[in-house]
Each structure stands twice: as structure tokens, then as C-alpha cells.
Amino acid sequence: MRPASVTGPSIEQSTPGDYALPRPAPGAPNVVLIVLDDLGFGQLGCFGSGISTPAMDGLAANGLRYNHFHVTSLCSPTRACLMTGRNHHAVGMGFLTDLPMAFPGYTGRVPKSAAPLPRVLRDEGYSTLAVGKWHLVPAGERSAAGPFDRWPLGFGFERYYGFLQGDTNHWAPHLVEDNHYVEQPAAADGRSYHLTEDLADRAIRSVTAQHEAAPDRPFLLYFALGAMHAPHHVTPEWIVPYRGAFDGGWDHWRDEVFARQLASGVVPAGTELSVRPGWIDEWSSLSADARRMLARQQEVFAGFLSHTDAQIGRVLTQLERLGVLDDTLVMLISDNGASGEGGALGTFNEHRFTEHVPDTVESNLAWSDELGGIRTYPHYSWGWAWAGNTPLRLWKRYTWLGGTRTPLIVHWPRGFAARGEVRDQFVHAVDLMPTILDVAGLDAPPVVDGVTQQPFDGASMRATFADASAPSPRSVQYFEMLGSRSIVVDGWKATTDHVSKGVVDEERLMDGSRTFTDDVWALFHLPDDFSESRDVAADHPAVLRALQERWSVEAGRNQVFPLVDELIGRIAAVVPWPNPVPTRAVYRPEGGPVPDDSVARLFGGFRLAAEVEVPAAGAAGVLAAMGDWTGGFAFFVRDGRLVFVLNRAGDEGRVESEVIAPSGRHELACVYTPGLAGPGVGLYHDDELIAHAVLPVTAPLVFQHGGTMLTLGRDRGLPVAADYQPPFEWNGVLHQLVIETGPAIAPSIAEAARALLHSE
């Protein structure tokens, strides 16, 4: 206990107390957590890929590679495990935080009983810095009204710069600094700015400033990139070196990766290469156009990965220049395996996957030359995801090893002597926080802010750093994601064949009447079956039954139930938002961009009404815009005429007026009416209908699954349509924008529908 001060009448009669701030134990290392997104087991050079990743390969050459590292198979849940040392359902993160449900395992809200790593380290004297993707703030809590206790600063980080959602446009992201939204520092033109470069700049600046101010104070840097998640955005010079490199296709490339894995020892001798699932096309069976289009997708991905590696290299180089790299525990992971969400053909715009808009070889080929650029939001085919997880099967969202086993690299030159070795202990994301506290000489606090803490589900893996034969931290781990279930117990692994809903091409594989009880469990013995290739359920029925029973026990203990394998079922049980959006909402340009959490959903019909002063010299500019040309809407005036453009996942519908907007103060409005033949949209000057059309596209539930921003009086980032270039500021006065949804707009909708009917 620290000595208290004794206060007397004068300083001579007083004794000072100990008010020194907490200091970590002597020798406590800096900690850098590098979190990649959607990176498969076999996609790094040091894990066999052949794609150029020298910075990450260098970490592996001077550190350790773990080939039995496991995650949850989805991003928010893995990040919750990493941050808390607890299983994902046990801290309410059984699924993405974007759809929090009113069940304990799915609230999307990490409880106060699981104080996160940055909070614990900060309380013990560490500087705590976060840069990059967060994805731990529940939907409805990402607006300017908060609440902010699950934003990064609420988790214990002292500074933050990055983005809150699951993905964002690398050319025009939705950026947050600390607890407020900010504009990107350079133009969204496909050359001047790239998110990964910006995040690396911020990481370098943050660490350098911290080191200059407090060189003896250790720091935690959480460096979580949007890469390698879609969109695969990168400039052409990074793609060019890979031209033609993947023309042999995914079957051939996978064989090459597997050979390198065996030769390097990252995959043990005797491993079998898992078979290609029947729904993935054999490369040689594809048309020449399809092969050309699909090879291009992987070229873009490879360029994106090499570009990402270069930015990681810049951060590591700065740590070396500061003289702290050898004293820093660096842990590099991917939050899940490679993503198959692009389906059989991949896509030039991933929002089409969200909207169930099918892609074709022809549509993708038309955009092939522009993949990676500002007009696209690309994702590769599931064939490349399967190959990227070599030698494993399946991918992200499934609890097969291709979804749950990812690379882990540990680098700490002054912490252990091993260099370039492979460790085969079973390790999970929940083990990283206990490990970090162990090397920092800290115990997990039993109480934080008066709240008794949940016990860790993970355990320290520190013993494995120096001892290749050290036991695994734990021998039991359950998995569940979107109804896909598995469990590992003492080297045995049982896995269901459940196929979840949400990806169009995967849904075609399902029997719509199938239930969870219809799932078939397979059994694998991982010590002699690294790739989960040999189902031995028929040979060991008693072992399989025991594992199934153990899964149920672990599921009950960790709040896994109820099982849900679809998005629609979750929406029915979504937790009410703390700041519900009214059916009539007023927005003013002085408030700045508005995150879509604060904007009503528009798919059921809406009325936009801009109260403006139109200049006598002629009106022009954006009145309101949300999203961009990969998904969004724009309400603007061009050459004095009102225009409304709706862009659904790259497919555009529009209505334009031929009537010049009158000068003076007026209401310029747009009314969207759902209809069987397509939505009717009417444009108005005050109460006068001046234009109408039936659009070929409808307003979606959400325009972009990475979130969008509503801007007033200007646009930001990338445009919704090619008619203008942001900011295209409104040249008059915009007093306010009113958005009405639901019953309040029924009369206006009916009026627009009648006018449309009478005109035909």
C-alpha cells in the first residue's frame, strides 16, 4: 500500500505521500499487435504462398511461426477474444457487432466483467495506442451521440485513429480520430491517398511521439489493418508484377503452395492436401474468358497483399530506428481465414454480395481492367479463398480449419533465442492477452471499477517461445459461427457440415428444409491429420459422441445458444438502438457528415425535403448524398435542374427534371415510393411535381455493409454518380434537410404514385 500524505499547518510539518503514476515492472516489453483481416493460412510468403511479403517474412525469420493458431472464423468475435482473453460468446460477441441480438452471447457489447487488454495495461502504466479497424462498436452506437464506452478510448486506448466498421473504402474511408469523425487527409482520386498508407503514417507518428515524450515507458500499439478484407484496393504498379502469375489457376497454384509449405516445415511431413470441394470449379473446365477474369482477381489481391506488407515494413523500420524493435513483443495474426464471400465468380463490387445481386463472367470481365481502382469494390472468387487457405478446406465463417486456423508470427528478439522456427502447439486468440500480461509481469485484475472480472478462457503460451516441446496452453476449445460447429479435445476435432445462409452461391448448396439436427459430424485426429482430410468418425463412434456431448457442455457454459445461421433471424431479435432515429429527422449542414446509424432506413419509402435558397444566377451542387458509386444515393442540382440518383451495388437508377429550379427560398423534394413494377420517384419544387420515373433498382436495407455517411450541401470522398466530382458544393443556401420515413410520408407517396399512374 502506498504511503499516504500527512498534512500539517505548514510544509515543514507535513509529509508528502506517494502519488506516483503506475509503472510497469522493469523489463516489461513494448507490445505491437498487428491484426490482418481475411488473410488465409497459406497466403504469406513465410507460410508458402510465393506472394512477396518480405516484411512479414522477416518477422518470421527472426521469430516464430505457429501453425496451430486458431481464431473464431469471423472478425468481431476474434477481436473480442484477442482484447479480453475470453471466448467470444462469453463476452457477447457470438457474431458481428453490426447485428446485436437480445441474447447474452450475441449482444455485441463486451461486458464490464471482461476488462480489455488496453485498459489493464493502461492502468499499469503502459501507453496505449490504436490505429486501424475496430469493429467492436455495436450498430446504433457509432453516431456522434455515442455512447462511447465501446469505442477504442472506452476500451482503454489513449489515442485512436481508424474506422469503426467491418470494412471501408481504402480510397475514401470513414475515419474516426479518438471519439469523432474526421475527413481523410488527401483527395480520393486513386493516387493521392490510400487507407493502409495513412494508417501506417499514423502508427509511425503515434509511436514516435510517445517514445520522444516517454522513452522509458512501454507502449501497446494495436495496428489493425483493413487489408486483406475486401475491397481489394491498390494502385496498378503493385499489380503489374503479378501479371500472368496466376494463369495456371487455383488448382495449380495450390499445389505449388503446398509443396513450399512441406519444404519449409510450416506444414508437417505426411500432411495430405485436402480435396477440392465439388462446388469449386476445376480450373481447366472454365471458359477462357472466365479464367482471364478470375486470374486478374488474384493478381489484384496479390498486389494488395504486397502493398500491405510494405506498409507493415515501414512501421517495423521505424521501431528499429527508434531502437525499440528488439525490446518489442510483436504478434501478427489474421482474424479469420481467407474469405469465400465473393462466391463462384468473385465480384467487381462486394456490395452485390450483400444485396444478393448475382455476378456474371461478362459483368466482371467488363470491370476487369479497373479492378483495384476507385470505381470498384472487388472481392475474388471462392476458388482463390480455398487456395489461400492451403492445405485446409473451406474459409471464413466456417469452423473448418480453413476458417479457424490462420497464421501467427511472434517476434521478440530479447525475449527468446529461437529464430525461424515453427511451433505446433494448439493456440487460440483467447491465449494472447494472458500471454501479454505474463511477459509484462502482470496479473489479471480480479476487480475493475468495482466489477468482478470473468476468469480468462485463455492461458499464457509464453513457455512455447523458448521450448518447442512445451505443452499447449490448453487442450479444449469449442467453435461456433453461423451454426457451423466444431470442438477440439486433446487433439481430436469434431466438425459439422452445416452451411450457413447469407452468401448466394453457398445457399444454392443447401436443402432449405434442413435443420441443425440434420447436420452430420465428422471426426479428425489432428496430430496425424494436419489438414482435416481424413474423417475417422466411422472408426471411432464413441470418441465422436463424447466430443459432441462436450461441445454441448462448452456451448452452454459460453452462452452459445440459441443457434442462428442467418441474418434475417437475427434482425427479429436485434437490441433496440440507444439513439433511435425518428420517422421525421432534421439534419443541418453545420453538423457535418452523419453516420448511417443516425439516418433512417430508406428501403420502405421516404421523402427528402431540402429547404434552400436558390441563387438567381442558377443553382448547382449537392443537396444530400450518402455512399458512393458502389452503393448510395445523391440528390443534387445540375445546370439548374433537380436530379436524384439511386445506386444499388453499382447498378444505377435516376430521375431528372427538365424544369429549372426557381430562384428564392423553396423546398426541393424527392419522394420514393415502393411498387411492384419498381420504385416510383417523384421530384418536387415546393408542392409541384416536376419529374417522375420508375427506377430499375430499389433502395436496399443498407447501401454499404461497411457503413455510409450522409453529407449535406456537398459530397465527400467518391461520387454516387459520374455527373459530378466531390465536393460539388451547393452554391445557394441550404437551411436543413428533412428525411421522413414510415406513416408520416404516406400522403406524399400516394400523391406521387397517382401522378405516375395518370401520366402513363
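Residues numbered from 1 in each chain as written. Predicted model: local features only at pLDDT ≥ 70, side-chain atom pairs only at ≥ 80, totals over all residues. Heavy atoms only, no water.

1. With respect to the overall build of the chain
Part 1 of the reasoning: The number of helices and strands found in the chain is 17 helices and 30 strands.
Part 2 of the reasoning: Over its C-alpha atoms the chain spans a radius of gyration of 27 Å, differing by no more than 12% from the 27 Å that the globule rule assigns to 760 residues.
Part 3 of the reasoning: Overall size of the chain, expressed as C-alpha extent along the three principal axes, is 90 × 80 × 50 Å.
Part 4 of the reasoning: Considering only intrachain contacts with a sequence separation of at least 6, the fraction spanning at least 24 residues in the chain is 75%.
Part 5 of the reasoning: Between the averaged position of the 59 positive side-chain charges in the chain and that of its 90 negative side-chain charges there is a distance of 3 Å. (Helix = DSSP H or I, 4+ residues; strand = E, 2+ residues; numbered from the N terminus. Rg over C-alpha atoms; globule rule 2.2 N^0.38 Å. Contact = heavy atoms within 4.5 Å. Lys, Arg positive; Asp, Glu negative; His and termini not counted. Charge placed at Lys NZ, Arg CZ, Asp CG, Glu CD.)

2. Let's talk about the nonpolar core
Part 1 of the reasoning: Membership of the largest hydrophobic core comes to 88 residues, with the highest contact counts inside it found for Leu44, Leu221, Phe223, Trp250, Ile312, Leu332 and Trp384.
Part 2 of the reasoning: At 13 residues, the largest contribution of residues to this core is made by helix H7 (residues 288-321).
Part 3 of the reasoning: When residues no more than four places from it in sequence are discounted, the contact partners of Leu221 are Val31, Val32, Leu33, Leu129, Val131, Ala203, Val207 and Val315.
Part 4 of the reasoning: In terms of nonpolar packing, the next biggest core, distinct from the first, is built from 57 residues, Leu82, Val176, Leu329 and Val448 among them. (Core = buried A, V, L, I, M, F, W, Y, C linked by side-chain atoms within 4.5 Å. Buried < 20%, exposed > 50% of the residue type's maximum accessible area, 1.4 Å probe, protein only.)

3. A look at the sheet that holds strand E22 (residues 621-628)
Sheets are built from strands that pair by backbone hydrogen bonding, the pairs being arranged parallel or antiparallel.
Part 1 of the reasoning: A sheet is described by the order of its strands in space; here six strands give the open sequence E20-E29-E22-E23-E24-E25, paired in antiparallel fashion. Two strands bound the open sheet, and with one partner strand each, they are strand E20 (594-595) and strand E25 (651-660).
Part 2 of the reasoning: Two strands pair when backbone bridges link them, and E20 and strand E29 (residues 709-712) are joined in this way by two bridges, in the antiparallel orientation. Across the sheet, the residue bridging to Val594 is Leu710, located in E29. (Pairing = 2+ DSSP bridges.)

4. A closer look at the pairing of E22
Part 1 of the reasoning: The element E22 is extensively covered by neighbouring structure, given that eight of its eight residues are classed as buried.
Part 2 of the reasoning: The sheet contact formed by E22 and strand E23 (residues 631-638) spans seven bridges and is antiparallel. In the sheet register, Met626 faces E23, and the bridge partner there is Phe633.
Part 3 of the reasoning: Hairpin connection between E22 and E23: a loop of two residues separates the two successive antiparallel strands.

5. Let's talk about the sheet that holds strand E16 (residues 484-489)
Part 1 of the reasoning: Here we have four strands laid out as an open sheet, ordered E15-E16-E17-E18, and antiparallel in their pairing. Either end of the sheet is taken by a strand with one partner, and the two such strands are strand E15 (476-481) and strand E18 (521-525). Put simply, the sheet's adjacent strands are angled 10° from each other on average, direction ignored.
Part 2 of the reasoning: Judged from the four bridges that link them, E16 and strand E17 (residues 492-496) form a sheet pairing that is antiparallel. (Axes fitted to C-alpha atoms, helices over the stretch in contact; angles between N-to-C directions.)

6. A closer look at the pattern of salt bridges
Part 1 of the reasoning: According to the stated counting rule, one finds 46 salt bridges in the structure shown.
Part 2 of the reasoning: Salt-bridge contacts for Glu299 lead to Arg296; the nearest nitrogen and oxygen are separated by 3.8 Å. A residue pair is termed a helical-turn pair when its members lie 3 or 4 positions apart in one helix, as Glu299 and Arg296 do in helix H7 at three residues. Like Glu299, the residue Arg296 is buried in the burial classification. (Salt bridge = Lys/Arg side-chain N within 4 Å of Asp/Glu carboxyl O.)

7. Here we look at the packing of aromatic side chains
Two aromatic rings are characterised by how far apart their centres lie and by the angle between their planes.
Part 1 of the reasoning: In total, this model carries 31 aromatic pairs according to the counting rule given.
Part 2 of the reasoning: On the basis of an interplanar angle of 80° and a centroid distance of 6.2 Å, the ring pair of Trp151 and Tyr181 is categorised as edge-to-face. With Trp151 in the loop between strand E4 (127-133) and strand E5 (159-163) and Tyr181 in strand E7 (residues 180-182), this residue pair connects regions lying 30 residues apart in the sequence. For the pair shown, Trp151 and Tyr181 are each scored as buried.
Part 3 of the reasoning: The ring of Phe530 is capped by Arg405, whose NZ or CZ atom sits 4.3 Å from the centre of that ring.
Part 4 of the reasoning: In this structure, Arg570 is placed above the aromatic ring of Phe95, and the distance from its NZ or CZ to the ring centre is 3.8 Å. (Phe/Tyr/Trp six-rings, centres within 6.5 Å; stacked < 30°, edge-to-face > 60°. Lys NZ or Arg CZ within 6 Å of the ring centre and 35° of its normal.)

8. Thoughts on the confidence of the model for the chain
Part 1 of the reasoning: In this model, the chain carries a mean pLDDT of 94, and residues with pLDDT of at least 70 account for 97%.
Part 2 of the reasoning: Counting interchain partners and residues more than four positions distant, the pLDDT-below-50 stretch residues 746-760 has 22 contacts. (pLDDT = per-residue confidence, 0-100.)

9. As for the environment of Arg291
Part 1 of the reasoning: Within the secondary structure, Arg291 is located in helix H7.
Part 2 of the reasoning: Taking the C-alpha atoms as reference points, Arg291 and Asp247, 44 residues apart in sequence, are found 7.2 Å from one another.
Part 3 of the reasoning: Within the structure, the side chain of Arg291 is placed 2.5 Å from the backbone oxygen of Leu286, a separation counted as a polar contact. (Polar contact = N/O pair within 3.5 Å; in protein donor to acceptor, adjacent residues only side chain to side chain.)

10. Description of helix H2 (residues 75-84)
Part 1 of the reasoning: Buried residues dominate H2, accounting for 10 of its 10 residues.
Part 2 of the reasoning: Here H2 has its buried residues at Cys75, Ser76, Pro77, Thr78, Arg79, Ala80, Cys81, Leu82, Met83 and Thr84.
Part 3 of the reasoning: Directly beyond the C-terminal end of H2, a positive phi value near 75° is found at Gly85.

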